[in-house]
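Architecture at a glance
Residues per chain, in single letters:
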Amino acid sequence: MPRVRKRPAGAARPDKEGPAGKRTNTEKPGEASAKVGNSSLQETSASRDRGKNLSSCWLMKSEPESRLEKGVDVKFSIEDLRAQPKQTACWDGVRNYQARNFLRAMKLQEEAFFYHSNCREPGIAGLMKIVKEAYPDHTQFEKNNPHYDPSSKEDNPKWSMVDVQFVRMMKRFIPLAELKTHHQAHRATGGPLKNMALFTRQRLSVQPLTRGKNGSRLLITCHSDREFTCTSW
DNA sequence: GCCAACGTTGGC
DNA sequence: GCCAACGTTGGC
């Protein structure tokens, strides 16, 4: 039930502050900005990449426009993240098991695309990175929080969250329509976005993207120079 | 364990 | 605001 807006696929939504408010910040961001090599968006499983010792890349959805859920505004845009102290916030509210498991698989410094959903212009707005690995989502225990889960016990929390830090905006906003166009073309050609979870697992709010391998044609690449380019279309 | 009812997600 | 997709619930 909850939606998380920082939503999970059933997931989570961050709340803004809210009563339960949340979004606290945490930890210090690292220093390095990381680099992440190139990450292509695709579908492969994170665990597979991890087995290869490659860091994963993720896509996380949040709603950038105001919407009340149980009286609480669940709006949380990338600009809201950037405005947080240390540009860091916890990604709470995910209440879908699959999305939660992806949160638990995230490692420090891995990058995630910040996706704006349920809004006038859905698409990828920017990049953030994981600055604290999974820990219990406190909002599950807060009765006034839209994502309160009375079935979860303090000594055995069901839901997890991570802390994320703003990295940068996309050099150019990548609209859902554009991603969809490529996804459809790739379904026919076997291209890299043919199984992109954004389209194949429609309601999943936290999803893995496949990291490109050297020499492969990447769909979307995050370069260490912080540029964002589309190289294969 | 099946599956219909129901609730949520999220594009349009 | 509509509604298709799809996850969850709960009776049986």
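Residues numbered from 1 in each chain as written. Chains lettered and ligands numbered in written order. Predicted model: local features only at pLDDT ≥ 70, side-chain atom pairs only at ≥ 80, totals over all residues. Heavy atoms only, no water.

**Re the pairing of strand 8 (residues 206-209)**
Here strand 8 shows two buried faces, one formed by Val206 and Pro208 and the other by Gln207 and Leu209. Summarising the sheet, strand 1 (residues 57-62) and strand 8 pair through four bridges and their orientation is antiparallel. Residue pairing across strands places cysteine 57 opposite leucine 209, the latter belonging to strand 8. (Buried < 20%, exposed > 50% of the residue type's maximum accessible area, 1.4 Å probe, protein only. Helix = DSSP H or I, 4+ residues; strand = E, 2+ residues; numbered from the N terminus. Pairing = 2+ DSSP bridges.)

**Quick word on the confidence of the model for chain A**
The predicted coordinates should not be examined in detail at positions where pLDDT is low. For chain A, mean pLDDT is 76; residues scoring 70 or higher make up 67% of the total. Counting interchain partners and residues more than four positions distant, the pLDDT-below-50 stretch residues 213-219 has 20 contacts. (pLDDT = per-residue confidence, 0-100. Contact = heavy atoms within 4.5 Å.)

**Thoughts on unusual backbone geometry**
At glutamine 87, a position not held by glycine, the phi torsion is positive, near 55°. By the secondary structure assignment, glutamine 87 is in the loop between helix 2 (78-82) and strand 4 (88-90). By relative accessible area, glutamine 87 is classed as partly exposed at 29%. Positive phi values are uncommon outside glycine, yet asparagine 118 reaches one of about 50°. With respect to the element layout, asparagine 118 can be found in the loop between strand 5 (111-116) and strand 6 (123-136). The class of asparagine 118 is partly exposed, set by a relative accessible area of 48%.

**Things to note about the protein's contact with DNA strand C**
Close to DNA strand C lie Asn96, Tyr97, Arg201, Gln202 and Arg203. Within the side chain of arginine 201, a nitrogen or oxygen atom sits 3.1 Å from a phosphate oxygen of DNA strand C. Contact between DNA strand C and glutamine 202: a sugar or linking oxygen at 3.2 Å from a side-chain N or O atom of the residue. (Near = heavy atom within 4 Å. Polar contact = N/O pair within 3.5 Å; in protein donor to acceptor, adjacent residues only side chain to side chain.)

**A word on the pattern of salt bridges**
Scanning all chains against the criterion turns up five salt bridges. Residue arginine 67 pairs with glutamate 63 through a salt bridge whose shortest N-O separation is 2.7 Å. Assessed through its relative accessible area of 0%, glutamate 63 is described here as buried. When the shortest N-O distance is used, the salt bridge between arginine 95 and aspartate 137 registers 2.9 Å. Of this pair, arginine 95 sits in the loop between strand 4 and helix 3 (97-105) while aspartate 137 is found in the loop between strand 6 and strand 7 (160-175), placing the two residues 42 residues apart along the sequence. (Salt bridge = Lys/Arg side-chain N within 4 Å of Asp/Glu carboxyl O.)

**Regarding the environment of histidine 183**
With respect to the element layout, histidine 183 can be found in helix 4 (residues 176-189). With relative accessibility at 6%, the residue histidine 183 sits in the buried group. Separated by 15 residues in the primary sequence, histidine 183 and arginine 168 place their C-alpha atoms 25 Å from one another. Not counting residues up to four positions away in its chain, the partners in contact with histidine 183 are Leu193, Lys194, Asn195, Met196, Phe199 and Thr200. A polar contact of 3.1 Å, which involves the side chain of histidine 183, links it to the backbone oxygen of lysine 194.

**Some words on the nonpolar core**
Membership of the largest hydrophobic core comes to 22 residues, with the highest contact counts inside it found for Met60, Trp91 and Val206. Broken down by secondary-structure element, the contributors of at least two residues to this core are strand 1, helix 2, helix 3, strand 5, strand 6 and strand 7. Judged by nonpolar contacts, the second largest core, of 15 residues, contains Leu59, Met170, Ile174 and Leu209. (Core = buried A, V, L, I, M, F, W, Y, C linked by side-chain atoms within 4.5 Å.)

**Observations regarding helix 4**
For helix 4, built from 14 residues, the straight-helix expectation of 20 Å at 1.5 Å per residue is met to within 8% by its first-to-last C-alpha distance of 20 Å. The set of residues buried in helix 4 consists of Glu178, Leu179, His182, His183 and His186. Down the axis of helix 4, the buried side of the element spans an arc of 135°, and every buried residue falls inside it. Across from the buried face of helix 4, at angles greater than 90 degrees, the exposed residues are Ala177, Arg187 and Ala188. At the C-terminal side of helix 4, glycine 190 shows a positive phi close to 80°. (Expected span 1.5 Å × (residues − 1). Arc of directions from axis to C-beta.)

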